[in-house]
Amino acid sequence: MLDLLNDLLWGKVLITVLLGIGIWFTLASRFVQFRYFGRMFRILSTKHAFKRDQHGHLSSFQALLLSVAGRVGGGNIAGVAIAITLGGPGAIFWMWMVGLMGMATSYFECTLAQAYKQAEPDGTYRGGPAYYIARGLGGNWKWLATLYSVLLLVTFGFGFTALQSYSIATSFEDAFGISVYYTGIALALIVGLIIFGGVKRIAKVAEVLVPVMALGYLAIALVVLGLNISQLPDVFMLIVRSAFGIEPAIGGGIGAAILMGVKRGLFSNEAGLGSAPNVAAVAYVPHPANQGIVQSFSVFIDTLILCSCTAFIILLSGIYDPATIGNMGGVALTQTALADHVGEWGRLYVSIALLLFGFSTILYNYYLGENSLNFFKEENQTLFNSFRVAIICLVCWGAIMDLGTVFAFADVTMGLLALANLAALALLFKPGLRIMKDYDRQLQSGIETPVFDAAAFSDLNIDPDAWQLEPEDQTIQLSEPRPASLVTAEN
């Protein structure tokens, strides 16, 4: 039954819906992910990207790093290797396409999460797809918000947490000969120390861990590219030819290339799943579009940079042979390929990278699960502590179990999660476009840092308490804001 559902969801429905919505959002927004690509760097270079308000909300930069911590995981190492094994090099091309279209999807889902965030009694925020469904679509759609929260808890809070623990433990056993039991126990202890400190401690860990792991993996990939620079054009051509069936069929031919590229691309960058908006919503920013732009950059980092690193490490290696590549597992293929480039220590390097990637993803998955629980029962510490204990046990259990069925089940729930979120995004696209136009208009008026006037969007059921900017941020515009009545009338 799980195989049947996976074939239906990933072989037909999601490929059409995911790419269709990505293309729709890209065209309707006038290619927002490309128009604002340079602005991603400008936003992150300003003091506002690192600003935290009086309540200690996450800064825009911290939210970016935390979402990168979640996006960058086993999918970047094992997932890419599996995509090449089953779909051929052409799967990488379709993974890139999913990433580029996914940047637009991520922009809108994270912008909406910011716009519809909810202020908590202690002054902090909560938000994400469940909140923009409930507030943006109204009471008749509360069932969809509830369904989304349940699927998010099951998929990320439980399923993907076990999968990350399994990937880390098996990789360490292969590289260092350390028993999966010891790895599971050690991992559970460290995770427990961090998650009992809440999201702020998780963000502080991510702020140090993510740059180290991402830059470290990028550095080794650049070494590999430098050693094989003359072969790079041939590899690019191999990827493109394979993507369109020009290359002799590998795996399942062009159909398998598209299927694996879309599936592994979504698994890796999560654009459209609605996971990143849960983090994007809690950042302190002057305008929702700010965080939408920043979060679309995290998709670029994940898919266009880090997934490409793994692909080139494999395809440039001497061990890449379509006839025998299927005999290796995902992580083992990447480890063997890097060892072929730089020596046996490359195998250990991949294991350490997978540990850092997987560990950061476990912390991120915990936060998504906590946010799901909060939607049902706000700030219940007994419930949160019970969930934390369950996560610690799950990390131990995941390291030692055969998770074939869990993999299949997580694929199904991830597919359903994507469909629920994509349906909500389609219904809320007009409000998202309106918020984007407000941002565009302020930039065109010469305002370097646009500010969101919640009163101008009162008809959208936005929580005004979540948009009480600090005094210095209310005066950062270079000219007077347009009257709320005028902005509302124009839209």
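Attention in this report is confined to the structure presented alongside it. Per chain, residue numbering runs from 1 following the sequence as it is written. Predicted model: local features are reported for residues with pLDDT of at least 70 only, side-chain atom pairs are reported and counted for 80 or more only, and whole-chain, interface and lining totals are derived from all residues. For the side-chain quantities, the full set of heavy atoms in the structure was used; hydrogens and water were omitted.

### Things to note about unusual backbone geometry
Line of reasoning, step 1. The phi angle at Arg30 is positive, at roughly 60°, despite the residue not being glycine.
Line of reasoning, step 2. Mapped onto the elements of the fold, Arg30 is located in the loop between helix 1 (2-28) and helix 2 (32-35).
Line of reasoning, step 3. If you check the backbone angles, Asn461 has positive phi at about 65° while not being a glycine.
Line of reasoning, step 4. Numbering of helices and strands starts at the N terminus; helices are DSSP runs of H or I of at least 4 residues and strands are runs of E of at least 2. The topology assignment puts Asn461 in the loop between helix 19 (429-444) and helix 20 (471-474).

### Concerning the environment of Phe93
Line of reasoning, step 1. Relative to the helices and strands, Phe93 resides in helix 6 (residues 90-115).
Line of reasoning, step 2. Note on classification: 1.4 Å probe, protein chains only; a residue is buried when its accessible area is under 20% of the maximum for its type, exposed when over 50%, partly exposed between these limits. Using a relative accessible area of 14% as the deciding quantity, one classes Phe93 as buried.
Line of reasoning, step 3. Considering only alpha carbons, one finds Phe93 and Val262, 169 residues apart in sequence, at a separation of 9.6 Å.
Line of reasoning, step 4. Whether two residues are in contact is decided by their heavy atoms: any pair within 4.5 Å suffices. Not counting chain neighbours up to four residues away, the residues in contact with Phe93 comprise Ile239, Val240, Ala243 and Phe244.

### Brief notes about empty space enclosed by the protein
Line of reasoning, step 1. Any residue with an atom within 4 Å of a point lines the site, the site being either a cavity, points on a 1 Å grid over the protein atoms alone where a 1.4 Å probe fits but cannot get out, or a pocket, an open set with protein on both sides within 12 Å along at least 5 of 7 lines. Grid points are joined across faces, edges and corners, and a volume is the space filled by probe spheres set on the points. Scanning the model with the defined rule gives four cavities of 30 Å³ or more in all.
Line of reasoning, step 2. Residue lining of the second largest cavity: Leu18, Leu19, Gly22, Val98, Met101, Gly102, Thr105, Leu266 and Ala271, and that is the complete set.
Line of reasoning, step 3. Mapped by element, the contributors of at least two residues to the lining of the second largest cavity are helix 1 and helix 6.
Line of reasoning, step 4. Ranked by the residues each element gives to the lining of the second largest cavity, the list is headed by helix 6, at four residues.
Line of reasoning, step 5. A per-class count over the lining of the second largest cavity returns six nonpolar, three polar and no charged. Note that Gly is not counted as nonpolar here; it falls among the polar residues with everything else outside the nonpolar set of Ala, Val, Leu, Ile, Met, Phe, Trp, Tyr, Cys and Pro and the charged set of Asp, Glu, Lys and Arg.

### Focus: a nonpolar patch on the surface
Line of reasoning, step 1. A cluster of nonpolar side chains, namely Phe176, Ile178, Tyr181, Tyr182, Leu348, Ile352, Trp397, Ile400 and Met401, defines an oily patch on the protein surface of about 830 Å² accessible area.
Line of reasoning, step 2. Elements represented by at least two residues in the nonpolar patch include exactly helix 9 (180-195), helix 16 (345-376) and helix 17 (381-400).
Line of reasoning, step 3. Inspection of the secondary structure puts Ile178 in the loop between helix 8 (142-176) and helix 9.
Line of reasoning, step 4. Under the relative-accessibility criterion, Ile178 is labelled partly exposed at 32%. Grouping into patches uses exposed residues only, defined as over 30% relative accessible area, and leaves out salt-bridged ones; the cut-off is 9 Å for like charges and 5 Å for nonpolar side chains (Val, Leu, Ile, Met, Phe, Trp, Tyr). Here the Shrake-Rupley method, with its probe set to 1.4 Å, supplies the accessible areas, and only the displayed protein chains count as covering residues. The term salt bridge refers to a pairing of a side-chain nitrogen on Lys or Arg with a carboxyl oxygen on Asp or Glu at a separation within 4 Å.

### Observations concerning the pattern of salt bridges
Line of reasoning, step 1. Applying the stated rule across the entire model yields seven salt bridges.
Line of reasoning, step 2. Between Arg347 and Glu344 there is a salt bridge; the shortest N-O distance is 2.6 Å.
Line of reasoning, step 3. Note on Glu344: relative accessible area 52%, which makes it exposed.
Line of reasoning, step 4. Among the ionic pairs, Arg434 bridges to Asp459, the shortest N-O distance being 2.9 Å.

### Considering helix 9
Line of reasoning, step 1. For helix 9, with 16 residues, the first-to-last C-alpha span of 22 Å sits near the 22 Å given by 1.5 Å per residue.
Line of reasoning, step 2. Three or more residues of helix 9 are buried, namely Val180, Thr183, Gly184, Leu187, Ala188, Val191, Gly192, Ile194 and Ile195. Within helix 9, the buried residues cover an arc of 160° as seen down the axis, which keeps them to one side. Pointing more than 90 degrees away from the buried face of helix 9 are the exposed residues Tyr181, Tyr182, Leu189 and Leu193. In this scheme, a helix's expected span is set at 1.5 Å multiplied by one less than its residue total. In this context, the arc is that of the directions from the helix axis out to the C-beta atoms.

### Concerning the state of the cysteines
Line of reasoning, step 1. Two cysteine sulfur atoms make up a disulfide if the distance between them is within 2.5 Å. Per the stated rule, a full pass over the model turns up zero disulfides.
Line of reasoning, step 2. Not engaged in a disulfide, the cysteine Cys307 finds its nearest cysteine sulfur in Cys309; these two sulfurs lie 9.0 Å apart.

### So, the nonpolar core
Taken as a class, soluble globular proteins show a tendency for nonpolar side chains to be buried jointly.
Line of reasoning, step 1. The biggest cluster of nonpolar side chains holds 157 residues, and the ones touching the most others in it are Tyr132, Tyr217 and Ile462.
Line of reasoning, step 2. If we ignore the near neighbours within four places in the chain, the residues touching Tyr217 are Asn76, Ile77, Leu306, Cys309, Thr310, Ile313, Thr334, Tyr349, Ala353 and Phe357. Each nonpolar core is a collection of buried residues, namely Ala, Val, Leu, Ile, Met, Phe, Trp, Tyr and Cys, held together in the definition by side-chain atoms within 4.5 Å.

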